[in-house]
Amino acid sequence: LYLPDWVEHIGEGAFKNNKIEKIHLPKGIKFIGEHVFQINQIRDLTLPYRIEEIGAWSFEDNKIECLHLPENLKYIENSAFKNNQISDLTLPYGIEYIGCCIFKNNKIRDLNLPDGIEYIGYSAFSENKIENLHLPENLKSLGGSAFESNKLKEVYLPESFMGLGTRLLILM
């Protein structure tokens, strides 16, 4: 799927439930709506640098193994990358908000959380293979079950941390 560079916004469910394997997103895109590429066959995803927000369920139920997120990204809404095959994940420094179930049920082993993150939602990284966890210095809220069902051996909680959700690290 090739989208022209003049596209800045993709609306809700635009390409949901197809067999799309490859996509070229336009350089000018700033927002991807809810359910846009949900239930497809995408394996490799590089998001353009101007994207600031990814809507809920936008890439859920694909086969994404390789994910490259842009530095301008600020918000990732609920379940955006749930049920994929992502193993290594580096989040951009500018990201502030990670919604519920964002990366639930992937294969993440290595996770780099930048210090700019203030909110991690319920079950955001549950059902992965994360072994070591260093929570960011600016984190203010961590949802319940955020790292449930991983393989955690070490966890670092910053001094500035304000609150833990219930069932935070259940079934490590």
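Reading guide: rules and limits
Residues numbered from 1 in each chain as written. Predicted model: local features only at pLDDT ≥ 70, side-chain atom pairs only at ≥ 80, totals over all residues. Heavy atoms only, no water. Helix = DSSP H or I, 4+ residues; strand = E, 2+ residues; numbered from the N terminus. Rg over C-alpha atoms; globule rule 2.2 N^0.38 Å. Buried < 20%, exposed > 50% of the residue type's maximum accessible area, 1.4 Å probe, protein only. Contact = heavy atoms within 4.5 Å. Areas by Shrake-Rupley, 256 points an atom, 1.4 Å probe, with all protein chains shown as cover. Pairing = 2+ DSSP bridges. Phe/Tyr/Trp six-rings, centres within 6.5 Å; stacked < 30°, edge-to-face > 60°. Salt bridge = Lys/Arg side-chain N within 4 Å of Asp/Glu carboxyl O. Polar contact = N/O pair within 3.5 Å; in protein donor to acceptor, adjacent residues only side chain to side chain. pLDDT = per-residue confidence, 0-100.

**Student:** Looking at this structure, how should I read the overall build of the chain?
**Tutor:** Along the chain, the regular secondary structure elements total zero helices and 13 strands. Here the chain has a C-alpha radius of gyration of 15 Å; the compact-globule value for 172 residues is 16 Å, and the two agree. C-alpha atoms of the chain, sized along the principal axes, occupy 45 × 25 × 20 Å. Expressed as a percentage of the 172 residues in the chain, the buried residues total 48%. Within the chain, contacts between residues at least 6 apart in sequence are counted, and of these 10% link residues at least 24 apart. As displayed, the chain offers around 8,500 Å² of accessible surface, 47% of which is attributable to carbon and sulfur atoms.

**Student:** Please clarify how unusual backbone geometry should be interpreted in this entry.
**Tutor:** The phi torsion of most residues other than glycine is negative, and most of the peptide bonds are trans. Positive phi, normally seen in glycine, also occurs at Ile39, with a value near 60°. Mapped onto the elements, Ile39 comes out in the loop between β2 (31-32) and β3 (44-46). By relative accessible area, Ile39 is classed as partly exposed at 32%. Of note in the backbone geometry, Ser149 takes a positive phi value of approximately 60° without being a glycine. Secondary-structure assignment places Ser149 in the loop between β12 (141-142) and β13 (154-156).

**Student:** Looking at this structure, I do not really get the sheet that holds β12. What am I missing?
**Tutor:** What holds strands together in a sheet is hydrogen bonding between their backbones, with the strands either parallel or antiparallel. Judged by pairing direction, the sheet is parallel, and its seven strands sit side by side in the order β1-β2-β4-β6-β8-β10-β12 without closing on themselves. The sheet is open, and its two borders are formed by β1 (9-10) and β12, each paired with just one other strand. In this structure, β1 lies alongside β2, joined through two bridges in parallel fashion. Along β2, the bridge assignment pairs His9 with Phe31.

**Student:** Please explain the environment of Tyr2 as it appears in this structure.
**Tutor:** On the secondary structure map, Tyr2 appears in the segment before β1. In this structure Tyr2 comes out as exposed when scored by relative accessible area, which is 55%. Separated by 22 residues in the primary sequence, Tyr2 and His24 place their C-alpha atoms 4.8 Å from one another.

**Student:** Even after reading the chapter, I still don't get the packing of aromatic side chains, so can you show me in this structure?
**Tutor:** In this description, a pair of aromatic rings is defined by centroid distance and the angle of the planes. Tallied over the entire structure, the rule returns eight aromatic pairs. Pairing Tyr97 with Tyr119 gives two aromatic rings, centres 4.8 Å apart and planes at 5°, and the pair type is stacked. You can see Tyr97 sitting in strand β8 (residues 97-98) and its partner Tyr119 sitting in strand β10 (residues 119-120), a full 22 residues away along the chain. Exposure remark for Tyr119: the relative accessible area of 27% places this residue in the partly exposed category. Within the aromatic cluster, the residues linked to one another by ring pairs are Phe15, Phe37, Phe59, Phe81, Phe103, Phe125 and Phe147.

**Student:** Sorry, what's going on with the pattern of salt bridges here?
**Tutor:** Counting across every chain of the model gives three salt bridges. Between Lys104 and Glu127 there is a salt bridge; the shortest N-O distance is 3.7 Å. Linking Lys104 in the loop between β8 and β9 (110-112) with Glu127 in the loop between β10 and β11 (132-134), this pair joins segments that are 23 residues apart in sequence.

**Student:** I'm lost on the side chain of Asn106 in this one. Help?
**Tutor:** Its location among the elements puts Asn106 in the loop between β8 and β9. Within the structure, Asn106 has its side chain in polar contact with the backbone nitrogen of Gln85 (distance 3.3 Å). Side-chain polar atoms of Asn106 contact the backbone oxygen of Phe103, separated by 3.1 Å. Contact partners of Asn106, with chain neighbours within four places excluded, come to Phe81, Lys82, Asn83, Asn84, Gln85, Ile86, Glu127 and Asn128.

**Student:** Sorry if this is basic, but what is going on with the confidence of the model for the chain here?
**Tutor:** For the chain, per-residue confidence averages 90 on the pLDDT scale, and residues scoring 70 or more make up 92% of the total. When pLDDT is averaged over each helix and strand of the chain, the minimum, 84, is found for β9 and the maximum, 96, for β3.

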